[in-house]
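# Per-entry structural report
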Amino acid sequence: MNMPTLNFPARFCNTLLFLFVMAGAAMGRTDAQTAIPLPYSVRLPDGARLILRPEAITGRVSISLFVRIEPDAAPSLKAVGELVARALFYGNRDRTANGIITLATQTGGSYDVLHTPDYVAVTVVAPSSQLPEVAHLLSDCLKNADFAPIALDHARTEIVEERTRRYDDGLMRGYDAVCETLRPPASSEDALRRVTQAQAQDYFRRRYGPARTVIAVAGSFDAARVTTLFAAFLADYTRHTSPVAAAQANQTGEAVANAKQALTAYRVLAAPSTSAYALAATDAPAVTHPDYPAFVVLQNVLGGGHACRLFQQAREERGVGYKVGALYQADRADPLVAYLQWDATLKRNAADRQTRTDAKDIQLFLNSQLDGLLQNSLSEEELTRARNFAIGVEARRHERVRDRSFLLGWYEAMGLGYVFDADLPKRLAAVTRDDVLRVAKTYLATRAGVVLLPSR
Amino acid sequence: MGIAAPLWTALLTGMTVPTQAQENAPVTLANGLRVLSRERRATPLVAIDLWVRAGAREEAPDEAGSAHFLEHTLFKSTPTRRAGQADWDIENLGGTLNASTGPDYAHFYVTVATPNVSRALSILADVIQNALLPDAQVERERSVILDELAEHVADPAARVVDLLYAGAFPSRLYGRSPGGSPDAIRLRGRDTLAAFYRRTYQPTRCTLVLVGDLSAAQARQWAQETFGVWQPPARPQSNLPQPRISTRPDAPVPADAMVPAPSGTTDAVENPKPKTQNQDSPVRHQPVYAATPEAAVAAPVPLLPAQHITLAVPASRPALGVGLPAPPASAVRMTAAAMLVGEILGGLGRGGRLDVSALAHTDAQARFTPRHDDSLWIVTASVPRDSSGDRTNNTGTASKRRALVTGQAESNTAADTTQHTQEEQTRRLEAVLRNILARLGSSPPAPLEMQSAQRRLMARMDAETETNEGLAAAVGYADITGGDTPQALRQRIQQTTPADVRQFVTRYLLSQTGVTVILQTAAAGAGPGQ
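What you see is a predicted model; the values in this text were computed from it and never measured. Along each chain, numbering runs from 1 in the same order as the chain's sequence is written. Here chains are named by letter from A upward and ligands by number from 1 upward, in the order in which they appear as written. Note on the predicted model: pLDDT of at least 70 is required for a residue's local features to be given, and 80 or more for side-chain atom pairs to be given and counted; whole-chain, interface and lining totals, by contrast, use all residues. The side-chain numbers reported here are obtained from all heavy atoms of the structure, hydrogens and water having been left aside.

Bringing the overall build of chain A into the picture now. The secondary structure listing takes helices from DSSP runs of H or I that are at least 4 residues long and strands from runs of E that are at least 2 residues long, numbered from the N terminus. Looking only at helices and strands, chain A has 17 helices and 13 strands in total. For this analysis, residues touch if any pair of their heavy atoms sits within 4.5 Å. For chain A, the proportion of contacts with a sequence separation of at least 24, taken over those separated by at least 6, is 79%. Residue exposure ignores everything except the shown protein chains as possible cover, and the areas themselves are Shrake-Rupley values with a 1.4 Å probe. Of the roughly 17800 Å² of accessible surface on chain A, a fraction of 52% belongs to carbon and sulfur atoms.

Next comes the structure, spelled out in structure tokens:
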């Protein structure tokens, strides 16, 4: 539908928008038993998509803004992309840096930025009364971010501080290291330092446009008013961008070709303290792949909850490890990561003697757990527990308004459609034993591992 | 039993009613177990929280570590469940059974869909009431706990907090880390754990909190069906002094209370006299003395030994912690003021005086968690990492700030990190912090700053209690420690004045030097990307 430009009388625009919204609401799903509409979608005049989930909660609203991007192969471009994502809301031609952060924190809200190979997302939770201001700020930055040196500096500092915090945590240090084995590494500090304002602006103009933009709003708000606001604020958000290719079938891309062999040796790194860590990463499907629900169930068989294989075999049977499990953060395009933390200096009872748990033992243990799923070993009871547990995790994941807006926006931005959020529990419930064993064979054979040991 | 159908149906139908939690009247079962519930129908989920007065403070000297050890080992097996079976059964219902140990409590919690609440409660009741503590499993869990402690001491922030409490309360129960020390864990035998279990895991020492998609009547019914059959032992199992049991201010006071509460009071006294439980009387919670807020304020502030603790640990950056005396949870007016002071200081980008001071980029943050008896108001910070990138103009502002804090010239490299230098750096951080506190004490915060801090604090509390589990935890913790309920705390924060803030700062934070902990890096290590 071609909408008039800003030169057209505003009242006519607003009237048309109001009718458009009402039509959209009428076509949207509602539950006969409630007066609250289910989430529904509105396409704004500029082409951006708005997903709305009005709820009868008290006084808060969450806005998740997504811009779909494609992975950057060249390291220099990757650094530009990372800085642009972080500095996007640190000022534009009309506002000083930290406008949104100040608004969010001073009014008691929160603000998060997530940059992945597939998208950039910012989620702001704020009092409902602040929604117009937040919407205006987000829209302003989407249109007019100028990446002044001070904004880039602020973003650079934040990235480095966040990496430092992760590096100081042994598990996170190992996690980042093992993920990098199966995908391109993060940009170096040197590359970040070399990014200029001109480069950032050029990247921004080519990648950030309405066709790639999804805004999901959940919480306490007036849907018609929110739609009108964003339509007005984004009326001149007319940047043309090329379509984004569909997400890759698997997470790890080119690195998979280099790692198509079962793991035989783990890379050894220094642990930041006296605790030791072993991590094994495997290939994994993207959220858009049909294998996604089955892989979620597989992850829970292996490392979800306390009745999973890793926990039971390590802690219950062997008395080894405190933090143990498997992570699969598909929203970050991460591989599956199985992990175990232990005290490498501790002598444990083994038969009639006390011995330290060797890093090699832990590596063999992790490998054996992954191999077990490759060897058709999966009972119906295990499958049922993992399925039910995965569905329970999904339910609890929806308790926070910020997660509700994030999930709607994520699925829509990735091309699955926001309805996937409501469909996923059904898909998890339908996963069979054959599905799990099939995805195990597809993805678990490709592995990489790291072990972090304290220096003696 | 499949849980998919009710869950995804509920997700599809979305929200139906406002999500404000309705606070129901507390209930005490005939066996003394206390039941608190909050009705909140936003999601088809219920959080189940059990708080047991079986924290580290209940340990005799030769029982050190037992509270934590027991929390781990309870799940192992019961007469009807083998090791791991309780976790399996709970996860088959879509939940995860978790636990934690603190100085004042052991805490067990799980969230499940509404149709599964009764079954989840019965599993939890079995674990709590009927734990067998088999020898072999105790031994295996000993290793696991030692692995956990290795992880704990690897966290500089956690290490700092442990050392602050140890320094502040060297001869008192709060001086011990709730997790126990590795040496203590190695020494604890199965018999000691069993004795601690029999003594402390009794219905009179428990509060069950249920939050979510249930009514008060349902909460009471389910609690009665699963925990109501639990009978307390006839006599105490040891000759240790009975712990103080405080009632919540909103709990009904028995007619034959030994100490009647003055009318119109809302604060409990800061240091209530201990009461011994009369074993021949009906099982009930004994009241504590209640006092007027003025009397509470007049009670003496605990005197901390002025200490300075320096330790070299494997870490990438030197860290600082300062611990100052703070009111117990029952001193609700000063507790609210303490929380607000923490928010006025802010830190970690939350907005506050720390973020606009020389302590920005030091991960500085104020922490205050009120405890039943002795509390500490804590600030921690780390010396900023000196990246070689700071030499460029692009990071001018950040590097200038770091130089002010560390006393280093902008061009210094990471190689200049002798322990003497680290001592200087952390001393500078401390000086900046004390200066900030002194300014806060000499002039109260402006109205705008106060309102902003109140908004931020309440928003943070709202975020923490947004989930049923978060709200249940806040309700249970308040009950165990004698503090305000989340709703009452919210009101009290709104009512706190700049004068209250100034009173707290001058009375508690400026009246003593407190305890200072400095963690130096044992080896100057490279950072990421180098």
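This part covers the packing of helix H12 (residues 309-318) of chain A against helix H5 (residues 135-153) of chain B. An axis is simply a line fitted to the C-alpha atoms; with a helix, the fit covers only the stretch in contact. Between two such axes, the angle follows the N-to-C directions and lies from 0 to 180 degrees. Viewed as axis vectors pointing N to C, H12 of chain A and H5 of chain B meet at an angle of 115°, and their least axial separation amounts to 7 Å. Contact residues: Arg-315, Glu-316, Glu-317 and Arg-318 of chain A in H12 of chain A; Arg-140, Glu-141 and Val-144 of chain B in H5 of chain B. Charged residues are taken to be Asp, Glu, Lys and Arg, nonpolar residues to be Ala, Val, Leu, Ile, Met, Phe, Trp, Tyr, Cys and Pro, and polar residues to be all remaining types, Gly included. Looking at side-chain class alone, the contact of H12 of chain A with H5 of chain B contains one nonpolar, no polar and six charged residues.

Next up on the list: the sheet that holds strand E4 (residues 110-115) of chain A. Residue and element names in this part refer to chain A. Strand pairing is assigned whenever DSSP identifies at least 2 bridges connecting the two strands. Taking strand neighbours across the sheet as the criterion, the six strands line up as E1-E2-E6-E3-E5-E4 in an open arrangement whose pairing is mixed. Among the strands making up the open sheet, the edge pair consists of strand E1 (40-43) and E4. Averaged over all pairs of adjacent strands, the angle between their axes in this sheet comes to 15°, without regard to strand direction. Pairing of E1 with strand E2 (residues 49-54), which is carried by four bridges, proceeds in the antiparallel orientation. For Ser-41, the partnering residue across the bridge sits in E2 and is Ile-51. Here helix H9 (residues 223-233) sits on the sheet in contact with E1, E2, strand E3 (60-68) and strand E6 (213-219), set at roughly 155° to E2.

With that settled, consider the side chain of Glu-55 of chain A. Residues and elements named next belong to chain A. Tracing the chain through its elements places Glu-55 in the loop between E2 and E3. Throughout this description, a polar contact denotes any pair of N or O atoms lying within 3.5 Å of each other; where both atoms belong to protein, one of them has to be capable of donating a hydrogen while the other can accept it, and for residues adjacent in sequence the pair is counted only when both atoms sit in side chains. There is a polar contact of 3.2 Å between the side chain of Glu-55 and the side chain of Arg-53. A polar side-chain atom of Glu-55 sits 2.8 Å from a polar atom in the side chain of Arg-404.

To continue, consider the sheet that holds strand E10 (residues 365-368) of chain B. All names here are of chain B. Taken in spatial order, the five strands make up an open sheet running E8-E12-E9-E11-E10, and their pairing is mixed. Every other strand in the sheet has two partners, leaving strand E8 (307-313) and E10 as the edge strands with one partner each. For this sheet, the mean inter-axis angle between neighbouring strands, taken without regard to orientation, is 20°. Where E8 lies against strand E12 (residues 515-521), seven bridges are found, and the strand directions are parallel. Looking at the pairing, His-308 lines up with Thr-516 of E12.

Despite not being glycine, Ala-333 of chain A has its phi angle at roughly 55°, a positive value. Along the chain, Ala-333 of chain A falls in the loop between strand E9 (324-328) and strand E10 (336-343). Judged by relative accessible area, Ala-333 of chain A falls into the buried class, the value being 6%. The backbone phi angle of Leu-133 of chain B is positive, close to 55°, even though this residue is not glycine. If you trace the backbone, Leu-133 of chain B turns up in the loop between helix H4 (117-130) and H5. With a 1.4 Å probe rolled over the protein chains alone, any residue whose accessible area is under 20% of its type maximum counts as buried; one over 50% counts as exposed, and the rest are partly exposed.

By themselves these figures say nothing about function.
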